[in-house]
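# Inside the fold
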Amino acid sequence: MDLAVETQQLTRVFTQRRKIFRRRRNGENGESEGPVTALDHVDLQIRDGELFGLLGPNGAGKTTLIKILATLLLPTSGIAKVAGHDVTKDPLPIRLKINMVSGGESSGYGLLTTRENVWMFSQFYGVSSKTAKARIDKLLHTFGLWEKRNAKVRNLSSGQRQKMNMIRGFVTDPDILFLDEPTLGLDVNASRVIRDYVKSWVKTTAGKTVLLTTHYMMEADELCDRLAIIDHGKILAVDTPENLKRRLKKETTFRLEVDPLKDTSRFKTIPGVKNFSLKSDGGASLEKLTFILEDEAAVSDIVSEVVRQGSKIHHLQKTEPTLEDVFISMVGRSLE
Amino acid sequence: MTSTRSVNPLALNLRAVVGRAYPRIIGANREPSWVFFDAILPLLGIAAYVFIYEGFFRAPGADRTFANAMIGFVVLGGTMTAFWMNVLWSMASQLYWEKEMGNLQLYMMAPMSRMALLGGMALGGMFMTSTRAIVTLVAGVFVFGVHFDLANPLMILAVFFATLVALYGMGMMLASLYLLYGREAWHMSALLEEPIFLVSGFYFPIRAIEGVGAWGRAVLFGAAIIPATLGLDALRQLIFPGFFGGKFWLLSVELEFAILVVLCVVFLVLARVSLGYLEMLAKREGRLTSRHQ
Ligand SMILES: Nc1ncnc2c1ncn2[C@@H]1O[C@H](COP(=O)(O)OP(=O)(O)OP(=O)(O)O)[C@@H](O)[C@H]1O
Ligand SMILES: [Mg+2]
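### Quick word on the overall build of chain A
Along its length, chain A carries 10 helices and 14 strands. Computed over C-alpha atoms, the radius of gyration of chain A comes to 22 Å, within 12% of the 20 Å expected from 2.2 N^0.38 for 336 residues, which places it in the range of a compact globule. Across its three principal directions, the C-alpha atoms of chain A cover 70 × 50 × 45 Å. Here chain A, with 336 residues, has 54% of them falling under the buried criterion. In chain A, 72% of the contacts between residues at least 6 apart in sequence involve partners at least 24 apart. Of the roughly 14500 Å² that chain A leaves accessible, carbon and sulfur atoms contribute 50%. Treating the 50 positive side-chain charges of chain A as one cloud and the 43 negative ones as another, the clouds have centres 7 Å apart.

This is the structure:
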């Protein structure tokens, strides 16, 4: 089977720019000084016809990987191949076969209409106007944007814009499509339309590959044939969502809802606790804790620790592992 | 890959040029307010000079053919200014703005040639500015009652097109150079605007600078590599042949035309080389995209 994407020891280091241009990066611990290793010796193989997901927290290196594969960024070291061609040495044949859509991007010109904008981008790929227009009209219907076909782009809502971007991605009929958080900020219906279309596109057309990054576990679980979990530029695991969840079967997942806790640092030291995450619903008074336990007996220690802090347990449940639990177990924090 | 793609590179790049020029050609003329802002307002700048020359040459006893020549001179210069402004402000900083808007990465990811990208920008700019320039010119001729002598229309067209290509070639080169600079691009353009405006002689015969002193000649030499200067001088020679007994012309029309053609080639080659180099640099440093997603 052919590989759509292959990387070997792919590494990308960003060195900081000169002072005046320094922009603050989103490191949690103010890690903005010095070089950043966005990708750290990544070995990845994505097969032809696969819908492959990249799952990782902010700053994990997902976008960096996609940019390298889209021939927009050079690797610092290592090799990246797309459709069999090296991204550094031979970008042109790659560019003919790929396209990329990022969530929240603003592409094109506000004065043009939706149709004109997408048409313009199709011309950069040499698609004949007739073909392009036929595809655009079909996609406008598919994505529910037909009424906005002649609206100026600057008057589109951000969700409508995002649908237009998706159409831009499909209009060139790429073999490999990179989707960087394509459903970011979209409502439930719009996300659904996009997911369904992406899925059917890969499944019903031969030789189409999608590499998708997302923050939504459900999306990854539902869509992807295989997933890579990535953190700090390293691939932690690559497998099907089912297999990833199965790995956790040896471990137990508990969910608790408690009054706000003063200190959560001690949970990590309880024997049998592999990892845990904490979510507080903004202003709400309850905190949600998820524990991945190697030893189920640890739950009694957890309960006494909560009680010792004077907090009350509102809910305690043992659950089947979700993809999110896999993520917590590997990365040590939750995604959303 | 199962599907094999055969795209004719020439066809692809021609489509890309048209695609990239489209928003300028269609989009920019979509709002009718441009007629006022871009075509009528420039007349005010021209008018100031027109009235000065009126004052001089329409005094009792003055030669009225001079008045017509000087005013035609200024109207022509004022019209060409539109192209220069478009190159300096719109072309040069274009790639930088595309980067800010998030379009640049989509352009760079596409399989089109970089020259198709720049060429499309230039073509769109030329077309858009031409519509404005024509309105300004016609309005100027009408309002100020200028009489043009179009004895050699073919040569006039040739010089005009050579000037445009050289000017936009320069714009393409500047666009590539500005790519790596952020907001400094603006300062750079602002810095260049006035001096080049002066030495291009939009509102006076360029040779007049020579009279200023020893440095006048040096300035003239520098001015000669700016396509606007040469083009304008050649156009004026062709349209107002006997002006001041030919004393104020820079070089012969033929020579100016030849230099313009050379400049076209030089600027286009430089644009290509510098964009290729700077693209590589940007890809290495992670600066092709400004948005951090
Ligand atoms: N152009 C750049 N210059 C310097 N550092 C960069 C640049 N682009 C990315 N980085 C750094 O590289 C790391 C990986 O960033 P990247 O954008 O790939 O993360 P991500 O996984 O896409 O995150 P998110 O989920 O927030 O989109 C981050 O630490 C980031 O600060
Ligand atoms: Mg990202």
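### Overview of the sheet that holds strand S12 (residues 273–280) of chain A
Paired through backbone hydrogen bonds, the strands of a sheet run either parallel or antiparallel to each other. All names here are of chain A. With antiparallel pairing, 4 strands are arranged side by side in an open sheet as S12-S13-S11-S14. Each end of this open sheet is capped by a strand with a single partner; those strands are S12 and strand S14 (313–319). Going across the sheet, the axis of each strand differs from the next one's by a mean of 15°, ignoring polarity. In the sheet, S12 pairs with strand S13 (residues 287–293) via 7 bridges, with the strands oriented antiparallel. Each residue of the ladder has a partner; that of Ser280, found in S13, is Glu287. Sheet contacts for helix H10 (residues 323–331): strand S11 (252–258), S12 and S13; angle to S12, the most-contacted strand, approximately 115°.

### Comments concerning the side chain of Thr319 of chain A
Residue position: Thr319 of chain A is located in strand S14. Residue class for Thr319 of chain A comes out buried when judged on its relative accessible area of 17%.

### Thoughts on the sheet that holds strand S2 (residues 36–47) of chain A
All names here are of chain A. Taken together, the 4 strands give an open sheet; going across it, the order is S2-S1-S4-S5, and neighbouring strands pair in antiparallel fashion. With one partner strand each, in any of the chains shown, S2 and strand S5 (85–86) form the two edges of the open sheet. Strand direction decides the pairing type here: strand S4 (residues 77–82) and S5, joined by 2 bridges, are antiparallel. Looking at the pairing, Lys81 lines up with Asp86 of S5. Helix H1 (residues 62–69) rests against strand S1 (3–14), S2 and S4 of the sheet, and its axis sits at about 120° to S1.

### A look at the domain arrangement of chain A
One frequent convention defines the size of an interface as the accessible area lost when the parts assemble. With domains assigned, chain A is organised as domain 1 (3–244) and domain 2 (250–320). Distance from the C-alpha centre of domain 1 of chain A to the C-alpha centre of domain 2 of chain A: 36 Å.

### Here we look at H1 of chain A
In an α-helix, one turn spans 3.6 residues; hence positions three or four apart end up facing the same way. Residues and elements named next belong to chain A. Here H1 lies mainly inside the structure; 8 of its 8 residues are buried. Among the residues of H1, Lys62, Thr63, Thr64, Leu65, Ile66, Lys67, Ile68 and Leu69 are the ones counted as buried. Thr71, located one to two residues past H1, shows a positive phi value of around 60°.

### Details of the packing of helix H1 (residues 9–25) of chain B against helix H6 (residues 114–144) of chain B
Residue and element names in this part refer to chain B. Contact geometry of H1 with H6 gives a least axis separation of 7 Å together with a crossing angle of 40°. Looking at the two axes, H1 sits oblique to H6. Where H1 crosses over H6, the two elements pack in a sense that is right-handed. From H1, Asn13, Ala16, Val17, Arg20, Ala21, Arg24 and Ile25 reach across to H6, where they touch Ala116, Leu117, Gly119, Gly120, Met121, Leu123, Gly124, Gly125, Phe127 and Met128. The residue makeup of the contact of H1 with H6, split by class, is 10 nonpolar, 5 polar and 2 charged.

### A look at unusual backbone geometry
Residue and element names in this part refer to chain A. For Asp173, which is not glycine, the phi torsion reads 50° and is therefore positive. By the secondary structure assignment, Asp173 is in the loop between helix H5 (158–171) and strand S7 (176–180). One non-glycine residue, Glu181, lies in the positive phi region at around 50°. Secondary-structure assignment places Glu181 in the loop between S7 and helix H6 (188–204).

### Focus on the packing of aromatic side chains
Across all of its chains, the model carries 20 aromatic pairs over all chains by this definition. Considering the side-chain rings of Tyr49 of chain B and Tyr203 of chain B, the 4.1 Å spacing of their centres and the 15° angle between planes classify their relative orientation as stacked. Residue Tyr49 of chain B is located in helix H2 (residues 34–57), and its partner Tyr203 of chain B is located in the loop between helix H8 (184–200) and helix H9 (214–223); the two are separated by 154 residues in the primary sequence. Its relative accessible area of 31% is what places Tyr49 of chain B among the partly exposed residues. One aromatic cluster is present, built from ring pairs that chain together Phe143, Phe170, Tyr197 and Trp201 of chain A. The aromatic ring of Trp146 of chain A is capped on one face by Arg149 of chain A, whose charged end is 4.2 Å from the ring centroid. The ring of Phe121 of chain A carries Arg168 of chain A above its face, with NZ or CZ at 5.5 Å from the centroid.

### Brief notes about the interface of chain B and chain A
The interface of chain B with chain A comprises 46 residues on the first partner and 59 residues on the second. Buried surface at the junction of chain B and chain A, both sides included, amounts to about 4400 Å², of which 55% is carbon and sulfur. Its salt-bridge partner being Arg95 of chain A, residue Glu279 of chain B comes within 3.7 Å of it at the nearest N-O pair. Our count for the chain B to chain A interface comes out at 11 residue pairs in polar contact (both at pLDDT 80 or more). Residue assignment for the side of chain B that touches chain A shows that the elements contributing at least two residues are H1, helix H4 (94–101), helix H5 (104–109) and helix H11 (253–285) of chain B. Its residues assigned to classes, the side of chain B that touches chain A shows 19 nonpolar, 13 polar and 14 charged.

### Looking at the environment of Tyr178 of chain B
All names here are of chain B. Assignment of secondary structure puts Tyr178 in helix H7 (residues 153–179). Residue classification places Tyr178 among the buried positions, given a relative accessible area of 3%. Once the C-alpha coordinates of Tyr178 and Leu278 are considered, the two residues, 100 residues apart in sequence, prove to be 9.5 Å apart.

What counts and how
- Within each chain, residue numbers correspond to sequence positions counted from 1 in written order.
- Just so you know, chain letters begin at A and ligand numbers begin at 1, following the order they were written in.
- Residue-level local features of this predicted model are given only where pLDDT is at least 70; pairs of side-chain atoms are given and counted only at 80 or more, and the full residue set underlies all totals for whole chains, interfaces and linings.
- The side-chain numbers reported here are obtained from all heavy atoms of the structure, hydrogens and water having been left aside.
- In this text, helices come from DSSP runs of H or I with a minimum length of four residues, and strands from runs of E with a minimum of two, each type numbered from the N-terminal end.
- C-alpha atoms define the radius of gyration in this analysis, and the globule rule sets the expected value at 2.2 Å times the number of residues to the power 0.38.
- Between buried and exposed lies partly exposed: a residue is buried under 20% and exposed over 50% of the maximum accessible area for its type, with that area taken using a 1.4 Å probe on protein chains only.
- The contact rule is simple, with two residues in contact once any of their heavy atoms fall within 4.5 Å.
- Every accessible area reported is derived by Shrake-Rupley at a probe size of 1.4 Å, with residue values counting cover from the shown protein chains alone.
- Two residue types count as positive, namely Lys and Arg, and two as negative, namely Asp and Glu; His and chain ends fall outside the count.
- Charge placement uses NZ in Lys and CZ in Arg. For Asp and Glu, CG and CD serve respectively.
- Only when DSSP finds a minimum of two bridges between them are two strands counted as paired.
- Convention adopted: a line fitted to C-alpha atoms gives each axis, helices being fitted over their contacting stretch, and angles between N-to-C directions are expressed from 0 to 180 degrees.
- Residue ranges for the domains trace back to a domain assignment, done automatically or taken from a database.
- If an angle is under 35 degrees, it is roughly parallel; if it is over 145, roughly antiparallel; if it lies from 65 to 115, roughly perpendicular; otherwise it is oblique.
- The handedness criterion is simple: a crossing whose near helix is rotated anticlockwise from the far helix by less than a right angle is left-handed, and one whose near helix is rotated clockwise is right-handed.
- Residue polarity is assigned by list, with Asp, Glu, Lys and Arg as charged and Ala, Val, Leu, Ile, Met, Phe, Trp, Tyr, Cys and Pro as nonpolar; anything else, Gly included, falls into the polar class.
- For this analysis, a ring pair means two rings from Phe, Tyr or Trp (six-membered ring only for Trp) whose centres lie within 6.5 Å, classed as stacked if their planes differ by under 30 degrees, edge-to-face if by over 60, and tilted for the remaining angles.
- In this scheme, Lys NZ or Arg CZ marks a charge over a ring once it lies within 6 Å of the ring centre and within 35 degrees of the ring normal.
- Accessible area that two parts lose when put together, evaluated with a 1.4 Å probe and summed over both, is termed the buried area.
- Think of a salt bridge as a Lys or Arg side-chain nitrogen and an Asp or Glu carboxyl oxygen that are within 4 Å of each other.
- Identification of polar contacts relies on pairs of N or O atoms within 3.5 Å, with a donor-acceptor requirement for protein atoms, meaning one able to donate a hydrogen and the other able to accept it, and with residues adjacent in sequence counted only if both atoms are side-chain atoms.

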